[in-house]
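Below are the chains, spelled out letter by letter.
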Amino acid sequence: MNWIELNNLQTAPLAKVPLLSIETFRKDLLQAVTAGKRVVDFFADREADQALLYAVLADDHLSRLYMAAAVFDRENSYPSMTAEAPMLHLFEREVFEQYGIEPQGHPWLKPVRRGIAGISDMEVPYPFMRMKGEQLHEVGVGPVHAGVIEPGHFRFSCHGEQVYHLEIELGFQHRGVENLFIRNAEKPNYLLHLAESIAGDTVIGHGGAFVRACEALEGLMVSRQTRLIRTIALELERIGVHLGDLSALSGDVAYLTGNNVFGAMRTQIINTSMAICGSRFGRGLLTIGGVNYDISAALKSKIEATLDDIEEKVELAAEVLFSSSSASARFEKTGVISTSIARELGLVGPAARASGLAIDVRQDFPFGAYNQFPVHAITLNSGDVFARAYIRYIEIIQSIRIIREQLQNLDSGELKQISSAKLPPETLVVSLAEGWRGEISHIAITDIRGKIKRYRIKDPSYHNWIALALAVRNEGISDFPLCNKSFNLSYCGFDL
Amino acid sequence: MLKGFYALILVLGPFILPGIINRIKAIWAGRKGPAILQPLFDFNKLIRKGEVISKTTSFVFRIAPPVNVAAVLFASLIIPLPQHNAILSFPGDFILFAYSLALARFMLVIAALDTGSSFEGMGSAREITFSAIVEPAFFILVGSLALVTGHTSFAAIFELLNYSTGFTILVKSLCVISLFIMLLTECARVPVDDPNTHLELTMIHEVMILDYSGSDLAFMQYAVGLKMVTIATLLANLLIPTGTGTAAGLALYLVVLAIAAIAVGLVESWIARLRMTHVPQFIFLMAAFSLTAFAVVMFLIHGGF
């Protein structure tokens, strides 16, 4: 396998990416997946009259990324790989939807996002799988929901209360983010806002992946202070959302105590983000070349006090929640995803770690301050709602300790490097980050004039939505909201 | 005078009891919480609002709210005010009581099915399944009380029951637990149902009235509160000893109503909702307590079966 080896944030000339025949590409890819490598991204690009199919694979143990491309001159199809590597199922569908390269024999070749002209036109009804039988019934939920949540359609095929099959139709918020990156490639501030808006709850996650990709391309070395502050912001984002999720999980089973105390703590944490940069979601903190706001000594001690307070309260609240028999009865053995299924589907983030996969970008492909302060992935094995809830609690504690460590290392170093906004021609970079939901991947490719010509974004939700559909199989339909919350996936991050 | 007092309870109780529950939950959560009378303000708001009526529905959907309220109201007239006669009282009246509630439920269910929504169909299926357990348990409960006393009307049963002491305390406590489970089930409270959720897939009662708006919704919600008052009045009848004196008895009655609401509020504060498949087991508890009461009665009074 002569694929180019890369590191996270390591740039490479486009010419170094081997162009393979589709046969070799396919053979290599399947072999790698069989050998335990993970598909990080799989996307296409068009160049003159050629179409290129790129794949980025990760060997999480060796901390190496592998990349290659396949060229399509005349042929516009290839034998699908999904049957042998299920983690490719959605990638192949997306490439077909956007570039018309057909994965022949794909078992589930359906639209990925609604609203894209042609294949997934809104006019054409989504081809849901239908089950037939006298006692079977279908339940459709969404895209307009009773709560204030994002749009998505869920179609359940049920036998009484039992779910046989769930199909999820997404894409209602497709706004063409990847194309907006290309069209506005000359406006870095626009792109930064756009990156921060990929998923509203992952501002630092996506924003950070974007700024690091730009800095890597430009060859800009950010200061140590910047790296520390970015890490603090990313971990605050993680704690905030995890707390909100624990609150919502408690709310879904009508466990009032958990709902209230975790919700109140979330406010404290996101207010800390506001104290740093003026936005509770971290907007406006990041900039290409650095950060816009410093953490003063006074603010530092304030954050430390908040963290001490939160740590004590989280431990107490978690003990109450996880020792409550009525809440545990709802969490345990609900929505189980086994380790083998998690691996086969290429799950990422806390959902993968709750199913026993020890993958964490902070550990495997460290970026920013994680290079100096290593993080170890925490795993649980049961893969149920309980595991996905409990891992959030452990990760909150882990993140609190990470932030403390970073705070202690803060000094008064400079915050910003001036960005020249000049990118090298025909270069690519893979920027991975561990957002609170899991692995975020941004891939930027520049053209001959050094302008971004392809910007590829992958939100962790992209990998994990299918896990939700499988988790509710054979569960009661009334447990769906709980399973859904335990994954808490992004609609707009998926829809792009 | 007494009838006027009871009428006042039936009018205001259905708002105040849920108000107390919400206040208790708010206090437990460390919040101030809405006014106790907030449900009344909501009612007032809803009856002024316009209605949206789904085109797929028939007259059934329209008549369900008035029939539902009327049936529950009728049931409440069969329950005596503690130490007094009921407005409607005759031997075997508890059967009419049970089936008035059943009529209310029947209307609720067919109106929900009338909308043709899959959510409401699911809610109806759950409601019917669970009430199929509540109903026989209720008959066992009142049946054992009838056996103790030798009477078959609520008023006579409670009058006699409250004179005697000793083992009736045991029977009464079993009945109180049983009736409290009935209250939680019939009034769609945690751990059976979650009145606060916005998740259609997990709802039972809320999902069945999902298509109602305006005054229809107001009265549907009023009917649930009224059911709570009615069942709590049954509890008060069990707990207040005969000969307490009218004024003290009525004061005690109000206390019992408040305690019932506080107890519901505490249950909702402390425990999570049951998994849907485990709800029948919880309701079977009601049947279990009723049966135990029945067994105690049989052995102690009749010396065996």
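Just so it is clear, the structure is predicted and the values come from calculations on it, not from any experiment.

## Regarding the pairing of strand β4 (residues 38-47) of chain A
Residue and element names in this part refer to chain A.
Then, in step 1: In this sheet, strand β5 (residues 50-59) lies alongside β4 in antiparallel orientation, the contact comprising nine bridges. Paired with Ala44 across the bridge in β5 is Leu53.
Then, in step 2: Counted along the chain from β4 to the antiparallel partner β5, the turn is two residues long, and its residue Ala48 has a positive phi close to 50°.

## Focus: helix α10 (residues 246-270) of chain B
Then, in step 1: Taking 1.5 Å per residue, 25 residues should reach 36 Å; α10(B) reaches 36 Å between its end C-alpha atoms and fits that length.
Then, in step 2: Buried-residue contacts for α10(B) involve α7 (256-277) of chain A together with α1 (2-28), α7 (167-186) and α9 (214-239) of chain B.

## Digging into the sheet that holds strand β2 (residues 11-13) of chain A
Residue and element names in this part refer to chain A.
Then, in step 1: Here four strands make up an open sheet; going across it, the order is β2-β14-β15-β16 and the pairing antiparallel. Edge positions in the open sheet fall to β2 and β16 (452-458), since each of these has one partner strand only. The mean angle between the axes of side-by-side strands here comes to 15°, regardless of whether they run parallel or antiparallel.
Then, in step 2: Pairing of strand β15 (residues 438-446) with β16, which is carried by six bridges, proceeds in the antiparallel orientation. Paired with His442 across the bridge in β16 is Ile457.

## Some thoughts on the interface of chain B and chain A
Then, in step 1: At the interface, 23 residues of chain B touch 26 residues of chain A.
Then, in step 2: Listed by contribution, the elements that provide at least two residues to the side of chain B that touches chain A are α1, α5 (118-149) and α10 of chain B.
Then, in step 3: Considering only residue class, the side of chain B that touches chain A consists of ten nonpolar, seven polar and six charged.

## Some thoughts on the domain arrangement of chain A
Residues and elements named next belong to chain A.
Then, in step 1: Assigned domains within chain A: domain 1 (4-104) and domain 2 (177-495).
Then, in step 2: Put simply, the middle of domain 1 and the middle of domain 2, counted by C-alpha atoms, are 26 Å apart.
Then, in step 3: The interface of domain 1 with domain 2 comprises 22 residues on the first partner and 24 residues on the second.
Then, in step 4: Broken down by secondary-structure element, the contributors of at least two residues to the side of domain 1 that touches domain 2 are β2 and β4.

## Considering the nonpolar core
Then, in step 1: In terms of nonpolar packing, the biggest core is built from 248 residues, with Val56(A), Leu65(A), Met67(A), Leu183(B), Ala232(B) and Leu235(B) touching the most fellow members.
Then, in step 2: Looking at which element gives the most residues to this core, the answer is α9(B), with 17 residues.
Then, in step 3: The two domains that each donate at least three residues to this core are domain 1 (4-104) and domain 2 (177-495) of chain A.

Calculation notes
- Residues numbered from 1 in each chain as written.
- Chains lettered and ligands numbered in written order.
- Predicted model: local features only at pLDDT ≥ 70, side-chain atom pairs only at ≥ 80, totals over all residues.
- Pairing = 2+ DSSP bridges.
- Helix = DSSP H or I, 4+ residues; strand = E, 2+ residues; numbered from the N terminus.
- Expected span 1.5 Å × (residues − 1).
- Contact = placed C-beta atoms within 7 Å.
- Axes fitted to C-alpha atoms, helices over the stretch in contact; angles between N-to-C directions.
- Nonpolar A, V, L, I, M, F, W, Y, C, P; charged D, E, K, R; others polar.
- Domains from an automatic or database assignment.
- Core = buried A, V, L, I, M, F, W, Y, C linked by C-beta atoms within 7 Å.
- Buried ≥ 20, exposed ≤ 12 C-beta atoms within 10 Å, placed from the backbone.

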